[in-house]
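Each chain, letter by letter, is given below.
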Amino acid sequence: MIIALAADHGGVELKKYIREYLREEGYKLVDLGTNSDESVDYPIYGRLCAEAVAGGKAQLGIVFCGSGIGISIAANRVKGARCALCTSVEMAKLSKQHNNANMLSLGGRLTSPELAKEIVKAWLSEEFQGGRHQRRIDLLDE
Ligand code: RB5
């Protein structure tokens, strides 16, 4: 399983923290940047990560910006990306169970590293429920 990561300057610190956690857990990672606190544009990084997931270079993607909002909007413009901005463990579970979210978005200025780790853990361990949810996902791409 390869997980792609990308952030703007507002999410870079949280990305580093989650990257370390995922590395310790043994996941293969592709880090698409940014890697400094110099101001950059989140649409670039959201798209980069979503294209990696939609194009099959990674199975899942996690994106980070200050709020998690802008970079999730950017990711969701790429066909095949289903990026869920999650601020709780419950949202993370539902995003996988019902939406089969292949991308997760986190806000580096709004979500603590500890909570972000719990959100990532829940999102990675939860399974898609299929059935009526698959029909709805198919409609997204029509
Ligand atoms: C950057 O200052 C900030 O606007 C960005 O990280 C993000 O929060 C946008 O949605």
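Let me begin by describing the structure that accompanies this report.

Procedures and definitions
Residues numbered from 1 in each chain as written. Predicted model: local features only at pLDDT ≥ 70, side-chain atom pairs only at ≥ 80, totals over all residues. Heavy atoms only, no water. Pairing = 2+ DSSP bridges. Helix = DSSP H or I, 4+ residues; strand = E, 2+ residues; numbered from the N terminus. Axes fitted to C-alpha atoms, helices over the stretch in contact; angles between N-to-C directions. Contact = heavy atoms within 4.5 Å. Core = buried A, V, L, I, M, F, W, Y, C linked by side-chain atoms within 4.5 Å. Buried < 20%, exposed > 50% of the residue type's maximum accessible area, 1.4 Å probe, protein only. Salt bridge = Lys/Arg side-chain N within 4 Å of Asp/Glu carboxyl O. Phe/Tyr/Trp six-rings, centres within 6.5 Å; stacked < 30°, edge-to-face > 60°. Lys NZ or Arg CZ within 6 Å of the ring centre and 35° of its normal.

1. Side note on the sheet that holds strand 3 (residues 60–65)
Strand pairing in a sheet takes place through backbone hydrogen bonds and is either antiparallel or parallel in direction. Spatial ordering of the open sheet is given by 2-1-3-5-4, a layout of five strands whose pairing is parallel. Two strands lie at the open edges of the sheet, namely strand 2 (28–31) and strand 4 (83–85), each paired on one side alone. Strand-to-strand twist of the sheet, defined as the mean angle between neighbouring strand axes without regard to direction, takes the value 25°. Bridge analysis of strand 1 (residues 2–7) against strand 2 gives four bridges, and the strand direction is parallel. Bridging across to strand 2, I2 finds its partner in K28. Against the sheet, helix 1 (residues 12–24) makes contact with strand 1, strand 2, strand 3 and strand 5 (103–107), and its axis sits at roughly 165° relative to strand 1, the strand it touches most.

2. Some remarks on the nonpolar core
Within the largest apolar cluster, 22 residues are counted, with the highest numbers of intra-cluster contacts made by L22, I62, L106 and V120. Counting only elements with at least two residues in this core, the list comes to strand 1, helix 1, strand 3, strand 5 and helix 5 (113–125). Looking at this core, the element that brings in the most residues is helix 5, giving six residues. Once residues lying within four places of it in the same chain are set aside, the contact partners of I62 are I3, A4, L5, A6, I18, L22, C49, L104, L106, V120 and W123.

3. Focus: the pattern of salt bridges
If you walk through the whole model with that rule in mind, you get five salt bridges. Residue R23 pairs with E20 through a salt bridge whose shortest N-O separation is 4.0 Å. Here R23 pairs with E20, and both are found in helix 1, just three residues apart, close to one helical turn. Classification of R23 as partly exposed rests on a relative accessible area of 49%.

4. So, the packing of aromatic side chains
All told, the structure shown has zero aromatic pairs when counted by the stated rule. Sitting over the ring of W123, K96 keeps its end group 5.2 Å from the ring centre.

5. Observations regarding unusual backbone geometry
Residue T34 is reached from G33 by a cis peptide bond, and omega for that bond is -10°. With respect to the helices, strands and loops of the structure, T34 is situated in the loop between strand 2 and helix 2 (42–54). For N100, which is not glycine, the phi torsion reads 45° and is therefore positive. Looking at where N100 falls in the secondary structure, it is placed in the loop between helix 4 (89–97) and strand 5.

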